[in-house]
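# Topology and contacts: notes
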Amino acid sequence: MQVSKKLVNSVPGSADDALAGLVACNPAIQLLQGHRVALRSDLENIRGRVALLSGGGSGHEPAHAGYIGKGMLTGVVAGAVFTSPAVGSILAAIRAVTQAGSAGTLLIVKNYTGDRLNFGLALEQARAEGANVQMVVVGDDSAFTTQKKAGRRGLCGTVLIHKVAGALSEAGASLEEIVRRVTAAAGAMGTLGVSLSPCSVPGSGPTFQLAQDELELGLGIHGEAGVRRMKMVPADEIVKMMLDHMSSPSNASRVALEPEDRGVCVARALVGAFMTALEMAGVSLTLLLADDELLGLIDAKTTAVAWPNLARVPVTGRSRVLAAPDEGPTVEEPVPAGAPASQQVRLVLERVCSTLLGLQEELNELDRAAGDGDCGSTHARAARAIQEWLNLSPLPARPSQLLSTLARLLLEKMGGSSGALYGLFLTAAAQPLQSRSDPAAWAAAMEAGIEAMQRYGGAAPGDRTMLDSLCAAAEELRALQAPSANLLPVLAKAVQSAEAAAESTKNMEAGAGRASYISSARLELPDPGAVAAAAILRAVLEGLQSQSA
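Cut-offs used in this document
- Residues numbered from 1 in each chain as written.
- Predicted model: local features only at pLDDT ≥ 70, side-chain atom pairs only at ≥ 80, totals over all residues.
- Heavy atoms only, no water.
- Salt bridge = Lys/Arg side-chain N within 4 Å of Asp/Glu carboxyl O.
- Helix = DSSP H or I, 4+ residues; strand = E, 2+ residues; numbered from the N terminus.
- Buried < 20%, exposed > 50% of the residue type's maximum accessible area, 1.4 Å probe, protein only.
- Axes fitted to C-alpha atoms, helices over the stretch in contact; angles between N-to-C directions.
- Parallel < 35°, antiparallel > 145°, perpendicular 65-115°, else oblique.
- Left-handed = near helix turned anticlockwise from the far one by under 90°.
- Contact = heavy atoms within 4.5 Å.
- Pairing = 2+ DSSP bridges.
- Core = buried A, V, L, I, M, F, W, Y, C linked by side-chain atoms within 4.5 Å.
- Expected span 1.5 Å × (residues − 1).
- Phe/Tyr/Trp six-rings, centres within 6.5 Å; stacked < 30°, edge-to-face > 60°.
- Lys NZ or Arg CZ within 6 Å of the ring centre and 35° of its normal.

Here we take up the pattern of salt bridges. Enumeration according to the criterion identifies 23 salt bridges in this entry. The residue Lys 6 makes a salt bridge to Glu 279 at a minimum N-O spacing of 2.7 Å. Taken together, the residues span a long stretch of sequence, with Lys 6 in the segment before helix 1 (14-25) and Glu 279 in the loop between helix 6 (235-247) and strand 10 (282-288) at a distance of 273 residues. A salt bridge links Glu 542 to Arg 351; the shortest N-O distance between them is 3.1 Å. Here Glu 542, found in helix 16 (residues 528-548), pairs with Arg 351, found in helix 8 (residues 342-358); they are 191 residues apart in sequence, far enough to count as distant. Judged by its relative accessible area of 29%, Glu 542 falls in the partly exposed class. Each member of the salt-bridge network shares a partner with another, and the members are Glu 177, Arg 181 and Glu 293.

This is how it looks when you write it as structure tokens:
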């Protein structure tokens, strides 16, 4: 079994280090000596108010210590990773808040056997010492359609209970009232998770295996089995599946939403990492049926660092889209002599798009040597945007307008540095084509585009970028300045030079771009940007040749 890599000093000390690190970075939190317990630094301010303690196994950060603060938890008791905390530490935390003058202590516990046992035993011992302590066990799991003897598992919804209880305590509510109110809130709540990958406890291998094309519905926060495995589907379908499962009348742990209630107001939306499961990839969805009184408790202020800066307004039924500013009137100018016909341009662009789509995986593979591996995906995104534009819009008649329109399209749709570079190139290349579009003008357009890329991109020939291909092609295209130059033979030579230049980049040390941060010894393949640029020029040549045959 392969042990997963973790950034830890030691496996046994990982939970202690994590808690100590959080405390070191947050002056509002302090450690309880001799215990894996974190408490508010201003314990004197809980005098006369109910203290709130929670906790459980580590590995769910920012839960639980991230929710310590005024208006949320008074303290937490942390166990080792995915392990319930020690009874002695729980009891020490209860003693600390009791001696600080709290008006009782509420233990907020997720529904797992170890947590119930250890917190419950500490509660009994504290009561034997005369402390006023109660416990609420939160089970918000909506995965299982039939009731389990162990009850519903405690999941991310527990954080909302921390918030409600904290607001009530800060408002001076009694222990009995807080228990009643949070019990009612927990009963109106459900959570469902979807996992895309396993997690692994430090020093161990993955807790389970999940195929690359699979997801699992309904896992627990320690990697406990869910209720269904299925093939990956689009995110919208996953969310619909989750909502259907959580609200199904046949689900014994359902949230009481009727199918016709799907249009209910989403009063508050909390998005972020609230309760994780180490490195497990996925998402959980928590629904809480809330009235105005409950919303007031959710909205109440807290100093807990992990609680989001929440917008205190509903998020449904509101349009927050600002109309784009007018681009200003366009002036129609006469089409310069020698401009290529619209159908000819369309066929060339279609050839370019099909070429880039066919190269997607090859370019991605080349790009993985330099980092993120998305060069092919970025160019494919550009190709699909151009295809959509070709299907919806007539082509501009003037070459300068064509290039300017393509520049705007790529800047908007392509993204990344590639989108910016192509946008720069096309915007600058459009200028020499304002008044004429003979072969010499197209050669000048190439030079202008390259000059703009060098000026703003900071790269030069020999830096292992797309400029290596473009500059090699531009050198050949200068022959078009001769009055007797024949376009296609010159362009064919330019394409061959571009392809040779792209291939030669595998022997270069990167001087610009993301690849410049990587040792040249690891760059044994051609630069993907240079390959893509050469492929575009090849597609233009083939598109023109197919129409001259």
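Now that the structure has been shown, we can carry on.
As a packed pair, helix 12 (residues 416-429) and helix 13 (residues 439-457) sit with axes 7 Å apart at the nearest point and diverge in direction by 135°. One finds that helix 12 runs oblique with respect to helix 13. In this structure, helix 12 crosses over helix 13, and the sense of that crossing is right-handed. Contacts between helix 12 and helix 13 pair Leu 421, Leu 424, Phe 425, Ala 428 and Ala 429 from the former with Ala 445, Met 446, Ala 448, Gly 449, Ile 450, Ala 452, Met 453, Tyr 456 and Gly 457 from the latter.

Another point: the sheet that holds strand 1 (residues 29-31). As summarised here, the arrangement of the six strands in space is 1-2-4-3-5-6, forming an open sheet in which the pairing is mixed. Looking at which strands have only one partner, the edges of the open sheet turn out to be strand 1 and strand 6 (133-138). For this sheet the average axis-to-axis angle between neighbouring strands, irrespective of direction, equals 25°. The sheet contact formed by strand 1 and strand 2 (residues 37-40) spans three bridges and is antiparallel. Opposite Gln 30, over in strand 2, you have Leu 39 as the bridge partner.

We now examine the sheet that holds strand 10. The strand order across the open sheet formed by four strands is 9-8-7-10, and the pairing between neighbours is antiparallel. Either end of the sheet is taken by a strand with one partner, and the two such strands are strand 9 (228-231) and strand 10. This sheet shows a mean twist of 20° between the axes of neighbouring strands, independent of strand direction. Across four bridges, strand 8 (residues 214-217) lies against strand 9 in antiparallel orientation. Within strand 9, the position partnered with Leu 217 by the bridge is Arg 228. Helix-sheet contacts for helix 6 involve strand 7 (189-195), strand 8, strand 9 and strand 10, and the interaxial angle to strand 7 is about 140°.

Attention now goes to the nonpolar core. Judged by nonpolar contacts, the single largest core of 63 residues is most densely connected at Trp 389, Met 446 and Leu 470. Looking at which element gives the most residues to this core, the answer is helix 16, with 11 residues. By size, the runner-up hydrophobic cluster in this structure holds 46 residues, among which are Val 76, Ile 161, Leu 168 and Leu 294.

Attention now moves to the side chain of Ser 253. Along the chain, Ser 253 turns up in the loop between helix 6 and strand 10. In contact with Ser 253, not counting residues within four places along its chain, are Asp 141, Ser 142, Ala 143, Phe 144 and Arg 152.

So, about the pairing of strand 2. Connecting strand 1 to the antiparallel partner strand 2 that follows it, the hairpin turn spans five residues, and Gly 34 within it adopts a positive phi of roughly 85°. With three bridges connecting them, strand 2 and strand 4 (residues 75-81) associate as antiparallel partners. Bridge pairing in strand 4 places Val 37 opposite Val 77.

So, on to unusual backbone geometry. In this model, Glu 61 is joined to Pro 62 through a cis peptide bond whose omega is 10°. That bond from Ala 63 to His 64 is cis: its omega, 5°, falls within 30 degrees of zero. Locating His 64 in the fold gives a position in the loop between strand 3 (51-58) and strand 4. Of note, Phe 82 is a non-glycine position whose phi angle comes to about 60°, a positive value. Tracing the sequence through the fold places Phe 82 in the loop between strand 4 and helix 2 (87-99). Here the phi dihedral of Arg 464 falls at roughly 65°; this positive angle occurs in a residue that is not glycine. Tracing the backbone through its elements, the reader meets Arg 464 in the loop between helix 13 and helix 14 (466-477).

Residues spaced three or four apart along an α-helix point in a common direction, a consequence of the helix completing one turn every 3.6 residues. Given a rise of 1.5 Å per residue, 12 residues ought to cover 16 Å, and the 17 Å separating the end C-alpha atoms of helix 14 matches this to within 8%. With respect to burial, helix 14 is a largely interior element, 10 of its 12 residues being buried. Where the residues of helix 14 are buried, they touch helix 12, helix 13, helix 15 (487-504) and helix 16.

A few words on the packing of aromatic side chains. Aromatic ring pairs: the centre-centre distance and the angle between the two ring planes describe each pair. Per the stated rule, a full pass over the model turns up zero aromatic pairs. Between the NZ or CZ atom of Lys 163 and the centre of the ring of Trp 307, over which it lies, the distance is 5.7 Å.

Attention shifts here to the environment of Gly 190. Tracing the chain through its elements places Gly 190 in strand 7. In this structure Gly 190 comes out as buried when scored by relative accessible area, which is 0%. In sequence terms Gly 190 and Lys 5 are 185 residues apart; their C-alpha atoms lie 33 Å from each other. In this structure, Gly 190 is in contact with Asp 140, Ser 142, Arg 152, Met 246, Val 255, Leu 285, Thr 286 and Leu 287, ignoring residues within four places of it in sequence.

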